[in-house]
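Remarks on the overall topology
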Amino acid sequence: MAKAVLTISSKNYGAWALRGWLMCRLAGLDFVEKVIPPDDPAMKAEMLLLSSSMLVPSLEHRGIRVWDTMAIGEYLHENFPKAGLLPADAAARAHCRAICGEMHSGFSALRGALPMNIKARFKDFKVWSRAQADIDRIVAIWRECLSTYGGPFLFGDRPGLADAMYAPVVTRFRSYGVTLDDLCASYSQQVLELPAMREWMAAALQEPEEIDELDAEF
């Protein structure tokens with residue numbers, strides 16, 4: 001049987017691509033990557049937040065094509081339940097879906113002001129008030145999950161769907177020097193040290209392409 005194919009964009013800038021890719025890795029799916037070029041319209045739509053319906057990433061598996069990162073996550077959970085992408089407990093599972101939904105549809109100020117750029121380090125970056133409100137809400141979500149479910153990941157001792165959804169935020173906080181309390185800083189480090197995350201970030205550092213529009217706030 002042919003391997004699954006995951007279509008992704010830039011590893012340096014592609015926040016949604018990272019979410020879908022990390023979900024596939026955490027699920028244990030055997031897949032190959034199809035990387036679209038930086039001038040592709042779908043790439044631009046994802047990078048510059050120009051579309052409310054993202055077609056990147058998309059997954060082709062067993063003759064089925066699924067796009068939208070949350071749909072990919074639910075599909076993987078159905079097909080690889082032992083991977084534990086969603087918690088086994090019903091209440092925790094509902095909580096997980098709720099905070100994933102927040103990330104999926106919200107935090108637009110954070111996305112606009114602090115675009116993902118793994119290569120970059122912005123010294124003394126000034127976060128404006130609306131983006132700070134998004135940061136405060138994300139930190140509150142992390143604290144609640146880590147205290148409720150015991151960590152080191154958001155829903156316990158193994159990474160899952162929620163961690164994949166918030167992984168690009170972890171890279172943003174590092175790139176823009178966002179100060180975190182000890183609990184959230186420890187969580188961020190746990191995410192960054194995942195083998196799959198280290199693989200993704202290493203590949204991001206090797207990307208030759210630059211997208212000028214993303215080197216400034218928009």
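Residues numbered from 1 in each chain as written. Predicted model: local features only at pLDDT ≥ 70, side-chain atom pairs only at ≥ 80, totals over all residues. Heavy atoms only, no water.

Focus on the packing of helix H1 (residues 15–27) against helix H3 (residues 69–79)
For clarity, the threshold we go by: Here an axis means a line fitted to C-alpha atoms, over the contact stretch when the element is a helix, while the angle between two N-to-C directions is reported on a 0 to 180 degree scale. A run of H or I in DSSP counts as a helix once it spans at least four residues, and a run of E counts as a strand once it spans at least two, with each numbered from the N terminus. For this classification, under 35 degrees means roughly parallel, over 145 means roughly antiparallel, 65 to 115 means roughly perpendicular, and everything else is oblique. Residue contacts are defined here by distance: any two heavy atoms, one from each residue, within 4.5 Å place the two residues in contact. Amino acids are sorted into nonpolar (Ala, Val, Leu, Ile, Met, Phe, Trp, Tyr, Cys and Pro), charged (Asp, Glu, Lys and Arg) and polar (every other residue, Gly among them).
Two numbers describe how H1 lies on H3: the axes approach to 9 Å, and their chain directions differ by 5°. The angle between H1 and H3 places the two elements in the roughly parallel class. Here Trp16, Arg19, Gly20, Met23, Cys24 and Ala27 of H1 come into contact with H3, specifically with Thr69, Gly73 and Leu76. Class assignment for the residues of the contact of H1 with H3 results in 5 nonpolar, 3 polar and 1 charged.

A few points about the pairing of strand S2 (residues 31–35)
Stated formally: Paired strands, in this sense, are two strands between which DSSP finds at least two bridges. Place the viewer so that the strands point away; then a crossover is right-handed whenever the path from the first strand over the helix to the second strand goes clockwise.
Where strand S1 (residues 4–8) lies against S2, 5 bridges are found, and the strand directions are parallel. Counted as the bridge partner of Ala4 is Phe31 from S2. Regarding topology, H1 serves as the crossover connection from S1 to the parallel S2, and that connection is right-handed.

Brief notes about helix H7 (residues 161–175)
The test is simple: Every helix has an expected span of 1.5 Å times one less than the residues it contains. By definition, a residue's bend is the angle between the axes fitted to the seven residues ending there and the seven starting there. Burial classification: accessible surface area is computed with a 1.4 Å probe over protein chains only, and a residue below 20% of its type maximum counts as buried, one above 50% as exposed, and the rest as partly exposed.
Taking 1.5 Å per residue, 15 residues should reach 21 Å; H7 reaches 23 Å between its end C-alpha atoms and fits that length. In H7, a bend of some 40° at Ala167 exceeds every other bend along the element, and Pro168, a proline, comes one to four places later. Within H7, 14 of the 15 residues are buried, which leaves the element mostly enclosed by the surrounding structure. Gly177 sits one or two positions beyond H7 and adopts a positive phi of about 65°.

A few points about the sheet that holds S1
Read across the open sheet, the 4 strands follow the order S2-S1-S3-S4; overall the sheet is mixed. Every interior strand has two partners, whereas the edge strands, S2 and strand S4 (64–67), have only one. Averaged over all pairs of adjacent strands, the angle between strand axes in this sheet comes to 20°, irrespective of strand direction. In the sheet, strand S3 (residues 58–61) pairs with S4 via 4 bridges, with the strands oriented antiparallel. For Leu59, the partnering residue across the bridge sits in S4 and is Val66. H1 contacts S1, S2 and S3 of the sheet and is inclined by roughly 155° relative to S1.

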